[in-house]
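Observations on the model geometry
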Amino acid sequence: MTGTQAKPVGADRDGAAPGAGRRPRPRPTLPSRRTAIITLAVLTVLVAGGTWAVYGSSWFRATRVTVTGNDVLTPQQIERAAGVPLGGALASVDTGAVRRRLLTALPRIDHVDVERSWPHTVRVKVTERTASAVLKSGDKFTEVDPGGVRFATVDTAPRGVPLVQLTPDQSPSLRHFGTKSLLRAAIAVAADLPESLHGQATAIRVRSYDNITVELSRGRSVMWGSAEQGARKAAVLNALLKVQPHASHYDVSAPSAPAASGS
């Protein structure tokens, strides 16, 4: 029988079966059990050594505390309140606990950052509260920050901080709002005073809710009115001070119709 012979099904052009003459692909070899054991042992030694270096050796001990950002508080006061356990592993110092102790023991601190600085230091950076007003407490003075927080009692009123003076008349305003509300209003006014007057306000006199006067140096005064619209009143007062720098009395109680008088 003549003609072309049929190729086997699946044969290639040369008539060979698929894969004939090809090298089989090498199978991936798994590490031997001995190699795996050695690798595991090395890793265990490294982890154990690192743990000992951090917690057990003298290389990373907490040996000192540094304090920055303080103005009134001394570094010694802050270190005592922080209670950082020195001599132990630096990694074991609970920075959150240190922060909580400082905020509890020293109300003058508004914000504090505590961090580890390798290999031996705990760094404490504080931000102290600043007084926007002071209250007379017997023969002492209580400092109050712009948020109304009473944070310190001192023997002498800080210079340049206005003293709140409550001289309320027996008006419906006093009976309605009460002394505490009037104090809060005075503190709000102190916080809203423009920066140009910082250090020049000597007193904030409160007669009623809508009768608050700011006493300034050189015999000047500002009729503020109520504590409402504080930011707007501060901006208006700033403008008045520039236009009428020699006036002795300013009135921003109605900020849409301010006035200045005297010289």
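Residues numbered from 1 in each chain as written. Predicted model: local features only at pLDDT ≥ 70, side-chain atom pairs only at ≥ 80, totals over all residues. Heavy atoms only, no water.

Looking now at the sheet that holds strand β6 (residues 150-154). The strands that make up a sheet pair up through hydrogen bonds in the backbone, lying either parallel or antiparallel. On the basis of which strands lie adjacent, the open sheet formed by nine strands has the order β6-β5-β4-β7-β8-β9-β10-β11-β12 and mixed pairing. A strand with exactly one partner marks an edge of an open sheet, and here the two such strands are β6 and β12 (259-261). Strand-to-strand, the axes of this sheet are offset by a mean angle of 25 degrees, without reference to chain direction. The pairing of strand β10 (residues 221-225) with strand β11 (residues 249-251) spans three bridges and is parallel. Across the sheet, S221 pairs through a bridge with H249, a residue of β11. (Pairing = 2+ DSSP bridges. Helix = DSSP H or I, 4+ residues; strand = E, 2+ residues; numbered from the N terminus. Axes fitted to C-alpha atoms, helices over the stretch in contact; angles between N-to-C directions.)

All right, on to unusual backbone geometry then. Put simply, W118 and P119 share a cis peptide bond, and its omega is 10 degrees. Position of P119 relative to the elements: it lies in the loop between β2 (109-117) and β3 (121-128). Of note in this structure, R218 is not a glycine but carries a positive phi near 60 degrees. You can call R218 exposed: its relative accessible area is 65%. (Buried < 20%, exposed > 50% of the residue type's maximum accessible area, 1.4 Å probe, protein only.)

Relative to each other, helix α2 (residues 75-82) and helix α3 (residues 95-105) sit at 120 degrees, their axes nearing to 8 Å. By the angle between their axes, α2 is oblique relative to α3. Handedness of the crossing formed by α2 with α3: right-handed. Taking contact as the criterion, the partners of I78, A81 and A82 in α2 are, on α3, V98, R101, L102 and A105. Of the residues that constitute the contact of α2 with α3, the class distribution is six nonpolar, no polar and one charged. (Parallel < 35°, antiparallel > 145°, perpendicular 65-115°, else oblique. Left-handed = near helix turned anticlockwise from the far one by under 90°. Contact = heavy atoms within 4.5 Å. Nonpolar A, V, L, I, M, F, W, Y, C, P; charged D, E, K, R; others polar.)

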